[in-house]
Amino acid sequence: MKKIILILCSILVSLSLMGCMDKNSTFIEQENNSARVDTNQNASKSLVVYFSRAGENSSVGNIEKGNTEIIAEMIAQETNADLFKIEPVEDYPVTYDECVALAKQEKESNARPEIKGDIDIDKYDVIFVGYPIWWSDMPMPVYTFLEAHQYEGKTIIPFCTHEGSGLANTENYLRNVCKGAEVLNGLAIRGRIAQNEQEKAKEEVENWLKEINIIK
C-alpha cells in the first residue's frame, strides 16, 4: 500500500511540474513575441519626404521616374525610413520648356500650389527633404508641405538633384522654414548620375550618410 501511495504521489508531482513548465514556456514565448512586435513598431523613426518629376528633364531626356525619387528610394532603403512623395494637385507639364516656364512663374509669385494628401510627421525624429533644384530654389510645392508642419526638436536633412547648381541656398531656406529644427549638411547629386549611373549615386548616398553619422 505504501508503495502505491508513493507511486501516486510521484505521478502527481511530475504532472504538476510539467504544467508549470508549459505555462512558463508559453509565458516566455508570449514575451518574446511581444518584444518582436514592439521592435517592429518602433523600427522606423525617419521619414523621407520628397518632390520629384518625371517627363522631359535636362540632360536625361524623357524619363519615367524622377531623378530625386531615385535618390529618395536609396536613402529610405539605407536608413529604413518611410517615404512620402509630395504631389501637386495640378501636374506640371511633361515638356521641359513648359515646366521651366511655369516653375519660374510660381517662384516669382511665391506661389503655394495645392498638394495631394499629407503625412503626420510628429512620430519622426529625423526627416530627409528631397527636391530638384528649380531656379536656384526648391519647387514651390515643397514649401506648401513644409509650411503645414512644426519642426521643434527635429533633425532636417536636405538632398537634391541638379545639373550644376548644387544645393544652391536651399539649406538656409530650410532653416528659415523649419523653425526649431537642426538642419544638417545636405547631399547634391547630378540628375544624370541619379538616372544613368545608379551604382555611383548609391555610393555617394552611402558615403554622405556615414559623414553625417546616420549610418555606420
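Rules of the game
Residues numbered from 1 in each chain as written. Predicted model: local features only at pLDDT ≥ 70, side-chain atom pairs only at ≥ 80, totals over all residues. Heavy atoms only, no water. Helix = DSSP H or I, 4+ residues; strand = E, 2+ residues; numbered from the N terminus. 1 Å grid on protein atoms, 1.4 Å probe; cavity = no way out; pocket = protein on both sides within 12 Å on 5 of 7 lines; lining within 4 Å. Points joined across faces, edges and corners; volume = space filled by probe spheres on them. Nonpolar A, V, L, I, M, F, W, Y, C, P; charged D, E, K, R; others polar. Buried < 20%, exposed > 50% of the residue type's maximum accessible area, 1.4 Å probe, protein only. Pairing = 2+ DSSP bridges. Lys, Arg positive; Asp, Glu negative; His and termini not counted. Salt bridge = Lys/Arg side-chain N within 4 Å of Asp/Glu carboxyl O. Polar contact = N/O pair within 3.5 Å; in protein donor to acceptor, adjacent residues only side chain to side chain. Contact = heavy atoms within 4.5 Å.

K.L.:
Help me understand unusual backbone geometry, please; the structure alone is not making it clear to me.
P.N.:
Its identity as a non-glycine residue notwithstanding, N80 has a phi of 60°, on the positive side. Considering the arrangement of structural elements, one finds N80 in the loop between α2 (67-79) and β4 (82-85). Even without being a glycine, S136 presents a positive backbone phi close to 60°. As for its position among the elements, S136 is in the loop between β5 (126-132) and α4 (140-146).

K.L.:
Can you walk me through the layout of surface pockets in this structure?
P.N.:
Picture a little ball the size of a water molecule; that probe, rolled over the atoms, points out where space is still empty. In this structure, the largest pocket occupies an estimated 430 Å³ of space. S58, Y96, P132, I133 and W134 are the residues nearest the centre of the largest pocket, which is lined by 21 residues in total. Counting residues per element, the ones that place at least two in the lining of the largest pocket are α2, α3 (96-108) and β6 (155-162). With four residues, the top contributor of residues to the lining of the largest pocket is α3. Of the residues contributing to the lining of the largest pocket, the split by class is eight nonpolar, 11 polar and two charged. Together, 18 residues line the second largest pocket, and S52, R53, A54, D91 and Y92 are the ones closest to its centre. Grouping the amino acids of the lining of the second largest pocket by side-chain chemistry returns seven nonpolar, three polar and eight charged.

K.L.:
Is there a simple way to explain the pairing of strand β1 (residues 46-50) in this structure?
P.N.:
Working note: regular strand, side chains alternate between the two faces of the sheet. Across the five residues that make up β1, a large majority, five, are buried. Where burial is concerned, the two faces of β1 agree: the one with S46, V48 and Y50 and the one with L47 and V49 are both buried. Relative to β4, β1 is paired through four bridges, and the arrangement is parallel. Counted as the bridge partner of L47 is D82 from β4.

K.L.:
Help me understand the side chain of R53, please; the structure alone is not making it clear to me.
P.N.:
Structurally, the position occupied by R53 is in the loop between β1 and β2 (55-57). Of the buried charged residues, R53 lacks a salt bridge, with E56 as the closest side chain of opposite charge at 6.2 Å. A polar atom in the side chain of R53 sits 2.9 Å from the backbone oxygen of E56. From its side chain, R53 meets the backbone oxygen of P93 in a polar contact 2.8 Å long. Those residues in contact with R53 that sit more than four places away from it in its chain are I63, G66, Y92, P93, V94, T95, Y96, C99 and W134.

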